[in-house]
Amino acid sequence: MNYVPPRRSDGTSQTTRVRQPWPVDRPFRILTIDGGGIRGVFPAAYLAELEQRFVSGASIAEYFDMIAGTSTGGIIALALAYGLTAKEALAIYQDRGPRIFPSRQRLGVLARNLRWIMRPKYNSAPLKNELLQVFGDAVLDAATTRLVIPSFEGRYGEPFIYKTPHHPDYQKDRHQRFAHVALHTTAAPSYFPGVEVDGYIMLDGGVWANNPVMNAVVDALACFDIPRENVRVLSLGTGEATFTVNEQAKEGGAVTWAWRRAFDAAARAQSKNALGQAYLLVGKPNVVRIDPPESDQAIQMDDVTRALRGLPLVARSLVEGSGHHVEALFLKERALPFLPCAPAHPRDRGS
């Protein structure tokens, strides 16, 4: 008989978390990174530019108290918490992107697109292999900063958020491997197959939280004794296509509202709603959103050539305009060292 795991939500605490102390008047600085496939080149390049210009090449992670990332943003978040610089995270895309999203000749592209109708567009084995080469056997307990990484569990259809043990209640994920968490948050439906593990079916966190800004803000306010106005957020997007409902879409129909259009609409709405909520909670001046300009010809999630050619230039341009503001809000002093929390109760040890 196949093992059927309990719902992840079955273990959710039913009481308000005991908020951990935080230094009075010290800002709690959060970095969040959206999903977007190979377009993760943009946030990685933007952060690498900040490192070079403002912190003498040190890892940008040293200046944030929490990092949240979904899908490709999850890879960058995990890389930074693993101890890599943003420049080294960018190299993951530059060196490994063509192997994760291999290009084909014209006939090969046609065959793959026909196959895509019924099966995932890509084999996940190259992605898994590259992630294992980057992260090895390291587990979240070794993270150098707090992490919030959304995924989605398909057996029960529930959000599934991986977290470092930055609160005594957070013990379930501390032995999860970086590489496996990265694989789970990037299993984008239709691009990669879901990942079955311990009876769960893990899918891309972008299904419900492509922009993880509110996951991070709520977690910080729930876990730490911080006034809302002391929370600062740097939220990085990966670019979106211009979206409008034209006459054809207004009339509806399954073909018109096929997977990609429906997903784009849902991801766009989720992102803007999450940002609006974050503005209300912590104050709009405390949330800095950086995103490439919308385009009618947005880079697709697997267009490695366009992403590597164009997005570093966009990142450099946006740092020219926003870098000093970001420096003033986030980069004036290093974050306090992160020490994982022990379980609140002895019975939770090793859970």
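These numbers were taken from a predicted model, which means no experiment stands behind them. (Residues numbered from 1 in each chain as written. Predicted model: local features only at pLDDT ≥ 70, side-chain atom pairs only at ≥ 80, totals over all residues. Heavy atoms only, no water.)

Right, let's talk about empty space enclosed by the protein for a bit. Applying the stated criterion across every chain, the model contains one cavity of 30 Å³ or more. Reported here for the largest cavity is a volume of approximately 210 Å³. Along the walls of the largest cavity sit 21 residues, with Gly37, Thr72, Ile75, Phe101 and Leu127 positioned nearest its centre. When contributions to the lining of the largest cavity are tallied by element, the ones reaching two or more residues are α2 (72-82), α3 (86-100) and α5 (125-135). A class-by-class count of the residues in the lining of the largest cavity yields 13 nonpolar, five polar and three charged. (1 Å grid on protein atoms, 1.4 Å probe; cavity = no way out; pocket = protein on both sides within 12 Å on 5 of 7 lines; lining within 4 Å. Points joined across faces, edges and corners; volume = space filled by probe spheres on them. Helix = DSSP H or I, 4+ residues; strand = E, 2+ residues; numbered from the N terminus. Nonpolar A, V, L, I, M, F, W, Y, C, P; charged D, E, K, R; others polar.)

Okay, helix α8 (residues 213-223) next. Within α8, nine of the eleven residues are buried, leaving the element largely enclosed by the surrounding structure. All buried positions along α8 are accounted for by Val213, Met214, Asn215, Ala216, Val217, Asp219, Ala220, Leu221 and Cys223. (Buried < 20%, exposed > 50% of the residue type's maximum accessible area, 1.4 Å probe, protein only.)

What follows concerns the environment of Lys128. Along the polypeptide, Lys128 turns up in helix α5. By relative accessible area, Lys128 is classed as partly exposed at 41%. Residues Lys128 and His184, 56 residues apart in the sequence, show an inter-C-alpha distance of 9.8 Å.

For the rest of this paragraph, the subject is the packing of helix α1 (residues 41-54) against α3. Relative to each other, α1 and α3 sit at 150°, their axes nearing to 8 Å. Of the possible angle classes, the one that applies to α1 and α3 is roughly antiparallel. The element α1 and its partner α3 pack so that their crossing is left-handed. Contacts from Val41, Ala44, Ala45, Leu47, Ala48 and Glu51 in α1 reach Ala86, Lys87, Ala89, Leu90 and Tyr93 in α3. (Axes fitted to C-alpha atoms, helices over the stretch in contact; angles between N-to-C directions. Parallel < 35°, antiparallel > 145°, perpendicular 65-115°, else oblique. Left-handed = near helix turned anticlockwise from the far one by under 90°. Contact = heavy atoms within 4.5 Å.)

The next subject is the packing of α2 against helix α6 (residues 178-185). Packed helices, taken two at a time, are described by the angle between their axes plus the distance between the axes. It is the contact of α2 with α6, at a shortest axis distance of 9 Å, that shows an interaxial angle of 165°. It follows that α2 is roughly antiparallel to α6 by the angle criterion. As for how α2 packs across α6, the hand of that crossing is right-handed. Counting all contacts with α2, which are made through Gly74, Ile75, Leu78, Ala81 and Tyr82, the residues of α6 involved are Phe178, Val181, Ala182 and Thr185. A class-by-class count of the residues in the contact of α2 with α6 yields seven nonpolar, two polar and no charged.

As far as function goes, none of this settles anything; it's purely spatial.
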